[in-house]
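So the chains spell out like this:
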Amino acid sequence: MSSVPSPTVNRCPDLAALSRAAARDLTTDIQETLRTQDRYTLALAGGSTPERLYALLAAEEEGALPWSQIHLFWGDERFVPADHPKSNTRMATDTLLEAVPIPDHQVHPMPTHLASPDAAAAAYTETLQEHFADRSRTFDTVLLGLGSDGHTASLFPETGTAEARRSDDAWVRAVTAPPRHEISPRLTCTIPTLSGARRAVFLVAGEEKRAALTQVLDHADPSLPAAQIRPRDTLLWFVDAAARPSSPE
Ligand code: 6PG
C-alpha cells in the first residue's frame, strides 16, 4: 500500500503572495526535475485563482523556465470553444501561453471542438495514454483549485459517490456540473488520473472557500473530491489568510 503524502500547507497573506509562493515552488521543481529527466509534464487548473500564477510564470526572466522541455495539459475543461470567455484553455492562453515560447505540439488542451463531451473525453484519454504508460504515474505536477462546495477539477460532491470516484477506471470523463455552475457540460480527469501525479498543488484563496478548506484539511472529508486527491509524492496547499484565518492548534 503506497504511503499517502501528508499535506503541506503554505499560508500566505493574500492571493498575490500565494501566487508568488506557488510560482517559486513550481519553478524550482521544474528546474530541479529537468536535471534528471528530459521533459516536465504540468497539468493546469482552471477557474480564476491560478491567473496570477500563470502571469508570473509568463513574466519569468528569459531562460528561467525551459519551455522547450515542458508539456502542458489540463485537469479539466468546460465544454465550450477554446476561445470562449469561460474556457480554461482561453484563460491559460491569455495569461500564459501567448507570452512563452512553448512549442504548440507540447500544449495539449482538452478537445472541446469535437462533436460531444464523450468524444472529447475519449480523445483526451488517448492523448494522456500517448504520454503516460500507466495511469498511476501521470503528471509531474497537477495544479488544482477548490470550489466552495469542495469540488476540484470538475469532480463535484453530488456527482456519484466518493467510492465510485476513487475507483473510477476512466482516465477522463464527460460530466455535467450541478446547476449552480454556469457551464454545465464539462470534461475532467478522474481522481485516479489526478492522483497519478507526482505532485498535487492546490491554490485556494477567498473567505468563501474557508468551510470547504477546513473540511478537507482538518477533517479529510472523503465525500469531498478535493480530499480524495492522493498524489504519489507531494501534496501542497497554497492558501491565503481569508481562506485559512489561522493555522489550527
Ligand atoms: C474549473 C476549475 C475548478 C476551479 C474551482 C475554483 O474549471 O472551474 O477547474 O475546479 O479550480 O472551481 O475556481 P476559482 O479559482 O475561480 O475559485
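Being a predicted model, the structure only gives us computed values, none of them experimental.

Chemist: I'd love a proper account of the pairing of strand 2 (residues 40-44), names of residues and values included.
Modeler: The element strand 2 is extensively covered by neighbouring structure, given that 5 of its 5 residues are classed as buried. Burial along strand 2 is two-sided: the face carrying Tyr40, Leu42 and Leu44 and the face carrying Thr41 and Ala43 are both buried. Across 5 bridges, the pairing between strand 2 and strand 3 (residues 70-74) is parallel. By the bridge assignment for strand 3, Thr41 is matched with His71. Taken together, the 2 bridges between strand 2 and strand 5 (residues 141-144) define a ladder with parallel strand orientation. Paired with Leu42 across the bridge in strand 5 is Thr141.

Chemist: Outline the packing of helix 1 (residues 15-33) against helix 2 (residues 51-58), supporting the account with residue identities and numerical values.
Modeler: In the contact formed by helix 1 and helix 2, the axes pass within 9 Å of each other and the chain directions differ by 50°. As the angle between them shows, helix 1 and helix 2 are arranged oblique. Where helix 1 crosses over helix 2, the two elements pack in a sense that is right-handed. Contacts from Leu15, Ala16, Ser19, Arg20, Ala22, Ala23, Leu26 and Thr27 in helix 1 reach Arg52, Leu53, Leu56 and Leu57 in helix 2. Its residues placed into classes, the contact of helix 1 with helix 2 shows 8 nonpolar, 2 polar and 2 charged.

Chemist: Requested: an account of the sheet that holds strand 7 (residues 185-189), with residues and values cited.
Modeler: In space, the 3 strands of this open sheet follow the order 4-7-6, with antiparallel pairing throughout. Since the sheet does not close on itself, it has two edges, and those belong to strand 4 (76-78) and strand 6 (172-176), each with one partner. Strand-to-strand, the axes of this sheet are offset by a mean angle of 20°, without reference to chain direction. Relative to strand 7, strand 6 runs antiparallel, the two being bridged by 5 bridges. Note that in strand 7 the partner of Thr176 across the bridge is Pro185. Contacts from helix 4 (residues 117-131) reach strand 6 and strand 7, with the element oriented near 155° to strand 6.

Chemist: Can you lay out the pattern of salt bridges for me, pointing to particular residues and giving the numbers?
Modeler: Overall, the coordinates contain 11 salt bridges when judged by the stated rule. A salt bridge links Lys86 to Glu182; the shortest N-O distance between them is 3.3 Å. Taken together, the residues span a long stretch of sequence, with Lys86 in the loop between strand 4 and helix 3 (88-95) and Glu182 in the loop between strand 6 and strand 7 at a distance of 96 residues. With its nearest N and O atoms 2.6 Å apart, the salt bridge here joins Arg166 to Glu163. Taken together, the residues Arg166 and Glu163, both in helix 5 (residues 162-166) and 3 residues apart, mark about one turn of the helix.

Reading the values: rules and limits
- Residues numbered from 1 in each chain as written.
- Predicted model: local features only at pLDDT ≥ 70, side-chain atom pairs only at ≥ 80, totals over all residues.
- Heavy atoms only, no water.
- Buried < 20%, exposed > 50% of the residue type's maximum accessible area, 1.4 Å probe, protein only.
- Helix = DSSP H or I, 4+ residues; strand = E, 2+ residues; numbered from the N terminus.
- Pairing = 2+ DSSP bridges.
- Axes fitted to C-alpha atoms, helices over the stretch in contact; angles between N-to-C directions.
- Parallel < 35°, antiparallel > 145°, perpendicular 65-115°, else oblique.
- Left-handed = near helix turned anticlockwise from the far one by under 90°.
- Contact = heavy atoms within 4.5 Å.
- Nonpolar A, V, L, I, M, F, W, Y, C, P; charged D, E, K, R; others polar.
- Salt bridge = Lys/Arg side-chain N within 4 Å of Asp/Glu carboxyl O.

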